[in-house]
Amino acid sequence: MSTAAVLLAAALLAGVGPTVVRARAGMPSRGRRTLSRPAQARDPLAFASSLDVLAVCLAAGMAVSAAAAATAPSAPPRLAQLLFRAADLLTLGADPSVAWSLPPDSPPGSADAHLDALLRLARRSASSGAALADGVAELAAQSRHDAAHAAAAAAQRAGVLIAGPLGLCFLPAFVCLGLVPVVAGLAGKVLDSGLM
């Protein structure tokens, strides 16, 4: 019986690889690399959609710490870091004004306007007892509105930037093919008539 168990263990280790067996057994694997998210372009609507998820969780009656922990895995990196921090501190019983603040090691001015507004809203809600879900939903709508305005401004800026090269290409062609023959024809007639 013991040789059968040894052979089975050897087959498992040799067959699928030691890391799979260790992972199934709950043992830490050696040399395991942590997978990181690939660098993606910044999604302007990711912040708004994360706030929508947070608002829905809060409106459904979840505790603030549980809602923050549920929202954090799908949030953009900076927001996820703050949501995980707030959820952990609130779960441990920390004061909400401390939990919903920037970490002390963050550089000054590292929070953008929407993130700062969320932190202020959460602190105000904790101190006054006002419902956080409605404020977070309004902040998500404002963030989405700002993203739409930024996209429209970028499209208008692209239109202006495209007009420059087109003007540089078509203006010489217009002068060479449209104005020069007319001026040359008129100059030829004026010189042939003897006016000059």
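Conventions we followed
Residues numbered from 1 in each chain as written. Predicted model: local features only at pLDDT ≥ 70, side-chain atom pairs only at ≥ 80, totals over all residues. Heavy atoms only, no water. Core = buried A, V, L, I, M, F, W, Y, C linked by side-chain atoms within 4.5 Å. Buried < 20%, exposed > 50% of the residue type's maximum accessible area, 1.4 Å probe, protein only. Helix = DSSP H or I, 4+ residues; strand = E, 2+ residues; numbered from the N terminus. Contact = heavy atoms within 4.5 Å. Axes fitted to C-alpha atoms, helices over the stretch in contact; angles between N-to-C directions. Parallel < 35°, antiparallel > 145°, perpendicular 65-115°, else oblique. Left-handed = near helix turned anticlockwise from the far one by under 90°. Nonpolar A, V, L, I, M, F, W, Y, C, P; charged D, E, K, R; others polar. Expected span 1.5 Å × (residues − 1). Arc of directions from axis to C-beta. Salt bridge = Lys/Arg side-chain N within 4 Å of Asp/Glu carboxyl O.

Trainee: Would you mind going over the nonpolar core in detail, with residue names and values included?
Mentor: Within the largest apolar cluster, 30 residues are counted, with the highest numbers of intra-cluster contacts made by L83, W100 and V136. At the level of elements, helix 3 (46–59), helix 4 (64–71), helix 5 (77–92), helix 7 (113–128) and helix 8 (132–193) are the ones that each hand at least two residues to this core. For this core, the element with the highest residue contribution is helix 5, accounting for seven residues. Apart from residues no more than four positions distant in its own chain, L83 is found in contact with L54, A68, T71, A72, A75 and W100.

Trainee: I'd love a proper account of the packing of helix 4 against helix 5, names of residues and values included.
Mentor: The contact between helix 4 and helix 5 brings their axes to 8 Å, and the two run at 150°. As far as their axial angle goes, helix 5 and helix 4 are roughly antiparallel. Crossing hand, helix 4 versus helix 5: left-handed. Within the contact between the two elements, helix 4 uses V64, S65, A68, A69 and T71 and helix 5 uses L83, F84, A87, L90 and T91. Tallied by class, residues from the contact of helix 4 with helix 5 come to seven nonpolar, three polar and no charged.

Trainee: Requested: an account of the packing of helix 5 against helix 7, with residues and values cited.
Mentor: At a closest axis distance of 11 Å, the pairing of helix 5 and helix 7 adopts a crossing angle of 15°. Classified by the interaxial angle, the pair formed by helix 5 and helix 7 is roughly parallel. Crossing angle aside, the handedness with which helix 5 passes helix 7 is right-handed. Residues R78, L79 and L82 of helix 5 lie in contact with helix 7, whose contacting residues are L115, L118 and L119. Residues belonging to the contact of helix 5 with helix 7 are distributed by class as follows: five nonpolar, no polar and one charged.

Trainee: Just give me the short version of helix 5, but keep the residues and values in it.
Mentor: With 16 residues, helix 5 should reach 22 Å at 1.5 Å per residue; the first-to-last C-alpha distance of 23 Å fits that figure. Buried within helix 5 we find L79, A80, L82, L83, A86, A87 and L90. Summarising the axial view, the buried residues of helix 5 lie within an arc of 165°, below the 170-degree limit, and thus occupy one face. The exposed set on the far side of helix 5, more than 90 degrees from its buried face, consists of P77 and L92.

Trainee: Give a detailed account of the pattern of salt bridges, specifying residues and quantitative values.
Mentor: The full count for this structure, using the stated rule, is two salt bridges. R144 is the salt-bridge partner of D52, the closest N and O atoms lying 2.2 Å from each other. Within this pair, whereas D52 is found in helix 3, its partner R144 is found in helix 8, the two being separated by 92 residues in sequence. Residue R144 is classed as partly exposed on the basis of its relative accessible area of 35%. Of the charged contacts, one joins D116 and R120 as a salt bridge, the two residues approaching to 2.9 Å between their closest N and O atoms. Here D116 pairs with R120, and both are found in helix 7, just four residues apart, close to one helical turn.

Trainee: Would you mind going over helix 3 in detail, with residue names and values included?
Mentor: In this model, helix 3 (14 residues) spans 20 Å end to end at C-alpha, consistent with the 20 Å of a helix rising 1.5 Å per residue. All of the buried residues in helix 3 are A46, F47, A48, S50, L51, L54, A55, C57 and L58. Packed against the buried residues of helix 3 are helix 4, helix 5, helix 7 and helix 8. Just downstream of helix 3 lies G61, where phi reads positive at about 105°.

Function cannot be read off these values alone, since they describe shape.
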